[in-house]
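Fold and contact review
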Amino acid sequence: MIKMRIKLIILLVAVLLSSSTYGKEKSIQKVIKESMKVVEAQTLSMADKLKKKKDQLPRSSRGRTDIITSDSHWWCSGFYPGTLWYLYEYKKKENIRMWAEMYTDRVEQEKFTTDNHDIGFILNCSFGNGYRLTKNPRYVEILTTGARSLSTRFRPVCGCIQSWDLDEQKRADGWQIPVIIDNMMNLELLLWASKQTGDQSFYNIAVSHANTTLKNHFRPDFSSYHVVSYDSISGKADKRFTFQGYSDESAWARGQGWGLYSFTFMYANTGIKRYLEQAKKIASFIIYNPNLPADKIPYWDFNAPDIPKALRDASAGALIASALVQLSEFVDEPLRAEYLKVAETQIRTLSSPVYLAKPGTNGSFILKHSVGFLNKDSEVDAPLTYADYYYVEAMVKYNKLLKKK
Ligand code: GLY
């Protein structure tokens, strides 16, 4: 009888202990630590697989081992070198630095690009992070040449950097000076170049572009249009529409992320308060949106007609997480905690097996389930380098923030 009671007590204690361990959520530090192991495995396996493809950078994948690559002119070429730099920042291992330098060098020729606006994305993620971490003097010339190339696309008539050159079709559709919300992201390179060289013209272009975008790209609810076309004679915004979103009036998820991220860094670099206010309003549109799922990874468009069956976009989730971590540094409680709570949920969701690849799968990319360009059926429900980049950036930045606390 006594033996029986003792057995029962032991069983009860065991059940209590296991249920309390089970019910406890893993700390975010532990989630990040474990996820960064997967990041390291995938990123280094990618580095090894592409080492002989001299001018190629990863772009996406269609399956277990397949890697689709691009040359350096594709707008995403700088993201993979940038992911390597964040991994180096986190791990401080020399072999990672060696890979980061090697893949960064593959995009150098883009410093002369003048036929589109993506120079900022390409050079800032690669050489920009490389310079931030190593102060390699060679990178200064590359970044400032790139900033000069980007500046050639500034159109004083409307006060903006023109995103794309026009082809026959775009002209026929009435496009004149097209500017997409994504273009804001390129301004970080100009702000850096202005600080580095003392040349105020880079700063002036960045502020002019941001002010014009703030005025013309946003709706009263602070969601943004994807494309605004400016009249090349009057300089006025004369057409607003979408290119990658569901419809002209919808809120394409990644576009909302580009807006949030860019107005946050505009404030961080200039101290201009209206940029902070704009970032907070964009954040409110996103985080209180009834169509944002509980796990905080957006559908590819906040107005996709088939919600809740619509595809999720991991790249938008990662981008928003990274932006919210930075924005949290500029606001007081309770907003600060609110932003971090959303970012933390996004990091946890992306670190779950639904999104995070098992090492050795997913073509060596880190995250699954992003949406590139749904209307063109291109890179849909696929891995993408920019999803990986902003996911790793979000974790490294959040980890630093936690350590500071
Ligand atoms: N146009 C860049 C993007 O797909 O977000």
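Computed from a predicted structure; not experimentally measured.

1. Points about the overall build of the protein chain
Within the protein chain, the secondary structure is distributed over 14 helices and nine strands. On C-alpha atoms alone, the protein chain measures out to a radius of gyration of 22 Å, which is about the 22 Å that the 2.2 N^0.38 rule sets for 405 residues. Expressed as a percentage of the 405 residues in the protein chain, the buried residues total 58%. For the protein chain, restricting intrachain contacts to residue pairs at least 6 apart in sequence, the fraction spanning at least 24 positions comes to 66%. Just so you have it, the protein chain exposes about 17600 Å², and 56% of that area is on carbon and sulfur atoms.

2. So, the packing of aromatic side chains
Overall, the coordinates contain 29 aromatic pairs when judged by the stated rule. The interplanar angle of 40 degrees and the centroid separation of 4.7 Å between the aromatic rings of Trp75 and Tyr386 together place this pair among those described as tilted. Placement of the pair is Trp75 in the loop between β2 (68-70) and α3 (79-91) and Tyr386 in helix α14 (residues 385-404), with a sequence separation of 311 residues. Under the relative-accessibility criterion, Tyr386 is labelled buried at 3%. Judged by centre distance (5.6 Å) and plane angle (75 degrees), the ring pair of Tyr131 and Trp192 falls under edge-to-face. Of the two residues, Tyr131 is situated in helix α5 (residues 119-134) and Trp192 in helix α8 (residues 187-197); the sequence distance between them amounts to 61 residues. The exposure class of Trp192 is partly exposed, given its relative accessible area of 21%. Three or more aromatic residues link up through ring pairs in this structure, and these residues are Trp74, Trp75, Phe79, Tyr86, Phe121, Trp258, Tyr261, Phe265, Tyr386, Tyr389 and Tyr390. In this arrangement the basic side chain of Arg219 is found over the ring face of Tyr225, its NZ or CZ atom lying 4.1 Å from the centre.

3. Concerning the pattern of salt bridges
In total, this model carries 25 salt bridges according to the counting rule given. When the shortest N-O distance is used, the salt bridge between Asp48 and Lys51 registers 2.7 Å. For Asp48, a relative accessible area of 39% corresponds to the partly exposed category. Among the salt bridges present, the one from Asp105 reaches Arg138, with a minimum N-O distance of 2.6 Å. Of this pair, Asp105 sits in helix α4 (residues 94-105) while Arg138 is found in helix α6 (residues 138-151), placing the two residues 33 residues apart along the sequence. A relative accessible area of 35% means that Asp105 is categorised as partly exposed.

4. Focus on the site of the ligand
Trp75, Asp182, Gln244, Trp252, Arg254 and Trp258 make up every residue found near the ligand. Between the ligand and Arg254 there is a distance of 2.6 Å, counted from an oxygen atom to a side-chain nitrogen or oxygen. Here an oxygen atom of the ligand and a side-chain polar atom of Trp258 are 3.0 Å apart. In isolation the ligand has 200 Å² of accessible area, and contact with the protein removes 89% of it.

5. Overview of the side chain of Glu110
Relative to the helices and strands, Glu110 is located in the loop between α4 and α5. In terms of polar contacts, Glu110 uses its side chain to reach the side chain of Ser72, at 2.6 Å. Side chain to side chain, Glu110 and His73 meet in a polar contact 2.7 Å long. Each residue touching Glu110, except ones within four places of it in the same chain, is listed here: Ser72, His73, Ile119 and Ile122.

6. What about helix α9 (residues 200-216)?
Across its 17 residues, α9 extends 24 Å between first and last C-alpha, which sits within 8% of the 24 Å expected from 1.5 Å per residue. Within the sequence span of α9, burial applies to Phe202, Ile205, Ala206, Val207, His209, Ala210, Thr212, Thr213, Leu214 and Asn216.

7. Quick look at the nonpolar core
By size, the foremost hydrophobic cluster in this structure holds 117 residues, and its most contacted members are Met266, Tyr390 and Tyr391. Ignoring any residue separated from it by four or fewer positions in sequence, one finds Tyr391 in contact with Ser35, Val39, Ala318, Ile347, Leu350, Ser351, Leu356, Ile366 and Leu367. Cys158, Cys160, Ile177 and Tyr230 belong to the second largest nonpolar core, which has six residues in total.

8. Looking at the confidence of the model for the protein chain
In this model, the protein chain carries an average pLDDT of 95, and 94% of its residues clear a pLDDT of 70 or more. The secondary-structure element of the protein chain with the lowest mean pLDDT is helix α1 (residues 2-23), recorded at 52, while helix α12 (residues 314-327) shows the highest, at 99. The model gives residues 15-21 a pLDDT under 50, and that stretch makes zero contacts with residues more than four places away or in other chains.

9. Focus on the packing of α9 against helix α10 (residues 253-270)
Interhelical geometry of α9 versus α10 gives an angle of 140 degrees and a closest axis separation of 12 Å. Classed by the angle they form, the pair α9 and α10 counts as oblique. As for the relative orientation of α9 and α10, their crossing is left-handed in sense. Residues Tyr203, Ala206, Val207, Ala210 and Leu214 of α9 form the contact with α10, whose participating residues are Phe263, Met266 and Thr270.

Each value, and the rule that gives it
- Residues numbered from 1 in each chain as written.
- Predicted model: local features only at pLDDT ≥ 70, side-chain atom pairs only at ≥ 80, totals over all residues.
- Heavy atoms only, no water.
- Helix = DSSP H or I, 4+ residues; strand = E, 2+ residues; numbered from the N terminus.
- Rg over C-alpha atoms; globule rule 2.2 N^0.38 Å.
- Buried < 20%, exposed > 50% of the residue type's maximum accessible area, 1.4 Å probe, protein only.
- Contact = heavy atoms within 4.5 Å.
- Areas by Shrake-Rupley, 256 points an atom, 1.4 Å probe, with all protein chains shown as cover.
- Phe/Tyr/Trp six-rings, centres within 6.5 Å; stacked < 30°, edge-to-face > 60°.
- Lys NZ or Arg CZ within 6 Å of the ring centre and 35° of its normal.
- Salt bridge = Lys/Arg side-chain N within 4 Å of Asp/Glu carboxyl O.
- Near = heavy atom within 4 Å.
- Polar contact = N/O pair within 3.5 Å; in protein donor to acceptor, adjacent residues only side chain to side chain.
- Expected span 1.5 Å × (residues − 1).
- Core = buried A, V, L, I, M, F, W, Y, C linked by side-chain atoms within 4.5 Å.
- pLDDT = per-residue confidence, 0-100.
- Axes fitted to C-alpha atoms, helices over the stretch in contact; angles between N-to-C directions.
- Parallel < 35°, antiparallel > 145°, perpendicular 65-115°, else oblique.
- Left-handed = near helix turned anticlockwise from the far one by under 90°.

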